[in-house]
Amino acid sequence: MAQSANDRRRINGPEESFPPVFDDDDEDIKLKTQRSRAPGDIRPIFLQPGLISQANGSAYIETEKTKIACAVYGPRQSKTTTYSEKGRLNVEVKFTPFSCTRRRAPMRDAEDRSIGVSIHQAIVSSIRLELFPKSTIDVFITIIENDGIEGCIASGSLAASTALADAGIEMLGLVASCSAAIVGDDIQLDPSEAEARASSGTLILACMPALDSITSIWQSGQMSADLSLKCMEQCHERCIDIHSIVAQSLL
Amino acid sequence: MSSSSVTNPSAADETLRAQIFQRLHPRVYLERFIAENIRPDGRTFDEWRSVSVNAGSISTADGSALVRMGDTTIVCGVKAEIAEPELDRPEQGFLVPNIDLPAICSPKFKPGPPTEEAQVLSDRLNEALIASGALPLSSLCIHPGKAVWTLYVDCTCINYDGNAFDAALLAMLGALRNTTLPKATYNEETGRTTCSRQTRSPLQITRNFTSTSFGVLDTSHVLSDPTAFEEPLMDVTLTVIVDDRGDLISTTESGGAILEETLLRCINRAKERALQLKG
């Protein structure tokens, strides 16, 4: 992987370096995609609010191999001078260089921004932004360990919602999010990276169980309309369970 | 007839007034505590915050460590990649340390490229690791002149409550000690290197060292392990790096002049601290 152009600001290594190639790579892939859980089971969630003392609100979420820290700063003054009646929500996602199997350059790229947009979409309708004119709420998410983008977006939305609640920002409800992957005709909830890669399509659903409303659906890949509707229903049911976990951790 | 409810302010009011005073006049607030020989968080001048190190929790990294020094939380991960060595140093691998202070860790950092503080910290950490020779770069050689290991040691601060340098150095050393490299074989004919997943061997760390930071206020008060509130108010900051045999690796001082006896006292305290942490 070639070094980035941000050379001047960091300590640099050699111009080009390559991740190690393993001699038994092909056999390994077949083992990894065998799922050890039932298709409807999600991985256990560990959610801890209030870990970052410097921030107004924070949360740390861990589900097996996905570790995400989230901090909320705000409401604070907007940098722009244009007047806005409603507050702004700014979601920024950052991957640590060691979070993925291949080292990521520390620069932010398109993938970070697209995850930021998904999480923004999931939580923006739950916050009462009309109470904070001219202000910005900053949500910073750092992905410490990554096990699939779907898992990141789902866990990231949970962490963001918990951090906002920890910061005492007025919300309409907590947001719960669940991801799913389609393998053949089966729906597997909470896929890991290997499972998602082996699937034909994935779906991420975010909703507010307290108000029984859905805030965001992100679907990619191939799936028939019936299957995707069934998938959404299953995710929705699971979100209600996840919601109680989030509420319990905030007590 | 009691008027006590009017004359005694409630505890919540007092806390609020103390917080406002802290925001408006930080230096005077700190000096009031110093006059009583105590610090705002309750420690004495010599006390260090409790340190906890958790190694090996990140599976995607070849080695990792999470260090908590009081509230300062730093997570460090090591990723190993293969590169061609420099022409004039064909048997030496690369060690690339970096620290990132993202916007998540403190309200004073804004999102964007590394700030001056992060760049200075990265550079100091690089000097400390390379100059001390803790990891001989020749141990990272796979095939002289063709393939060597490059270790990217990346630290990310999750919560910044002062003294990031000490915590980052501890995290980097912890991550390096936790790192295992797969066995690599270089194929002369194809020029490719393949690794084996089965055998992994740890790095050869020859030296173990700890860093201790102090802040000096008014040339006479030496506070060890300053927090994020105390750090900007210090006149002089002093960092001493000592290895586990008691030898001095480096001393850095910035901000102003200090007395020689203060410097010697700090070096001695750093040596005591290194012994304390070793146990």
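Note that the structure is a prediction, hence the values are computed from the model and not measured. (Residues numbered from 1 in each chain as written. Chains lettered and ligands numbered in written order. Predicted model: local features only at pLDDT ≥ 70, side-chain atom pairs only at ≥ 80, totals over all residues. Heavy atoms only, no water.)

### Description of the layout of surface pockets
Of the volumes computed, that of the second largest pocket is approximately 860 Å³. Within the residue set of the lining of the second largest pocket, elements represented by two or more residues are β5 (66-77) of chain A together with α2 (11-24) of chain B. Considered class by class, the residues forming the lining of the second largest pocket number nine nonpolar, seven polar and seven charged. (1 Å grid on protein atoms, 1.4 Å probe; cavity = no way out; pocket = protein on both sides within 12 Å on 5 of 7 lines; lining within 4 Å. Points joined across faces, edges and corners; volume = space filled by probe spheres on them. Helix = DSSP H or I, 4+ residues; strand = E, 2+ residues; numbered from the N terminus. Nonpolar A, V, L, I, M, F, W, Y, C, P; charged D, E, K, R; others polar.)

### Some details on the packing of aromatic side chains
Two aromatic rings are characterised by how far apart their centres lie and by the angle between their planes. Tallying each qualifying case throughout the model produces six aromatic pairs over all chains. Residue placement shows arginine 103 of chain A over the ring face of tyrosine 152 of chain B; its charged tip is 4.0 Å from the ring centre. Note that arginine 104 of chain A overlies the ring of phenylalanine 95 of chain A, its terminal NZ or CZ placed 4.0 Å from the centroid. (Phe/Tyr/Trp six-rings, centres within 6.5 Å; stacked < 30°, edge-to-face > 60°. Lys NZ or Arg CZ within 6 Å of the ring centre and 35° of its normal.)

### Remarks on the confidence of the model for chain A
For chain A, per-residue confidence averages 86 on the pLDDT scale, and 92% of positions sit at 70 or higher. Scored below 50 in pLDDT, residues 1-5 of chain A makes 15 contacts in the model with residues more than four places away or belonging to other chains. (pLDDT = per-residue confidence, 0-100. Contact = heavy atoms within 4.5 Å.)

### Topic: the environment of alanine 12 of chain B
Within the fold, alanine 12 of chain B resides in helix α2. The sequence separation of alanine 12 of chain B and methionine 69 of chain B amounts to 57 residues, and the corresponding C-alpha distance is 29 Å.

### A look at the interface of chain A and chain B
Taken together, the contact pairs 47 residues of chain A with 52 residues of chain B. Between chain A and chain B lies a buried interface of about 4100 Å² when both sides are counted; carbon and sulfur atoms form 56% of it. There are two salt bridges connecting chain A and chain B. Between aspartate 154 of chain B and arginine 103 of chain A there is a salt bridge, with its nearest N and O atoms 3.2 Å apart. Along the contact surface separating chain A from chain B lie 19 residue pairs in polar contact (both at pLDDT 80 or more). When residues of the side of chain A that touches chain B are traced back to their parent elements, those giving at least two are β1 (17-18), β2 (21-22), α1 (25-32), β5, β6 (88-95) and β7 (135-145) of chain A. When residues in the side of chain A that touches chain B are grouped by element, the largest group, six residues, is from β5 of chain A. Of the residues that constitute the side of chain A that touches chain B, the class distribution is 19 nonpolar, 11 polar and 17 charged. Looking at chain direction, β1 of chain A and strand β3 (residues 72-83) of chain B are connected through two bridges and run antiparallel. Across the sheet, residue serine 17 of chain A finds its bridge partner in β3 of chain B, namely alanine 83 of chain B. (Buried area = accessible area lost by both parts, 1.4 Å probe. Salt bridge = Lys/Arg side-chain N within 4 Å of Asp/Glu carboxyl O. Polar contact = N/O pair within 3.5 Å; in protein donor to acceptor, adjacent residues only side chain to side chain. Pairing = 2+ DSSP bridges.)

### Thoughts on the sheet that holds strand β12 (residues 248-254) of chain B
Residue and element names in this part refer to chain B. Taken together, four strands build an open sheet; the order of strands is β10-β9-β11-β12 and the sheet is antiparallel. At either margin of the open sheet sits one strand with a lone partner, and together these are β10 (221-224) and β12. For this sheet, the mean angle separating the axes of adjacent strands, direction not counted, is 20°. Two elements, strand β9 (residues 209-217) and strand β11 (residues 236-243), share eight bridges in a ladder whose sense is antiparallel. Bridge pairing in β11 links serine 211 to isoleucine 241. Across the face of the sheet, helix α4 (residues 116-132) comes into contact with β9, β11 and β12 while running at roughly 135° to β9. (Axes fitted to C-alpha atoms, helices over the stretch in contact; angles between N-to-C directions.)

### With respect to the pairing of β9 of chain B
Residues and elements named next belong to chain B. The buried fraction of β9 amounts to nine of the nine residues, a majority that puts the element mostly inside the structure. Burial of the side chains of β9 extends over both faces: Phe209, Ser211, Ser213, Gly215 and Leu217 are buried on one face and Thr210, Thr212, Phe214 and Val216 on the other. Across four bridges, the pairing between β9 and β10 is antiparallel. Bridge pairing in β10 places glycine 215 opposite leucine 223. The loop that links β9 with its antiparallel partner β10 comprises three residues; one of these, aspartate 218, has a positive phi angle of about 55°. (Buried < 20%, exposed > 50% of the residue type's maximum accessible area, 1.4 Å probe, protein only.)

### Re the pairing of β11 of chain B
Residue and element names in this part refer to chain B. Of all eight residues in β11, seven are buried; the element is thus mostly enclosed. Pairing geometry for β11 and β12, over six bridges, is antiparallel. When the bridges of β12 are listed, threonine 237 appears paired with serine 254. Hairpin connection from β11 to β12: four residues lie between these consecutive antiparallel strands, with glycine 246 at a positive phi of about 95°.

### Considering the packing of α4 of chain B against helix α5 (residues 164-178) of chain B
Think of two packed helices as two axes; the pair is described by the angle between the axes and how far apart they sit. Residue and element names in this part refer to chain B. The contact between α4 and α5 brings their axes to 11 Å, and the two run at 50°. As the angle between them shows, α4 and α5 are arranged oblique. For the crossing formed where α4 meets α5, the hand is right-handed. Listed contacts from α5 to Leu121, Arg124, Leu125, Ala128 and Leu129 of α4 are Ala164, Phe165, Ala168, Leu169, Met172, Leu173 and Leu176. Split into classes, the residues belonging to the contact of α4 with α5 amount to 11 nonpolar, no polar and one charged. (Parallel < 35°, antiparallel > 145°, perpendicular 65-115°, else oblique. Left-handed = near helix turned anticlockwise from the far one by under 90°.)

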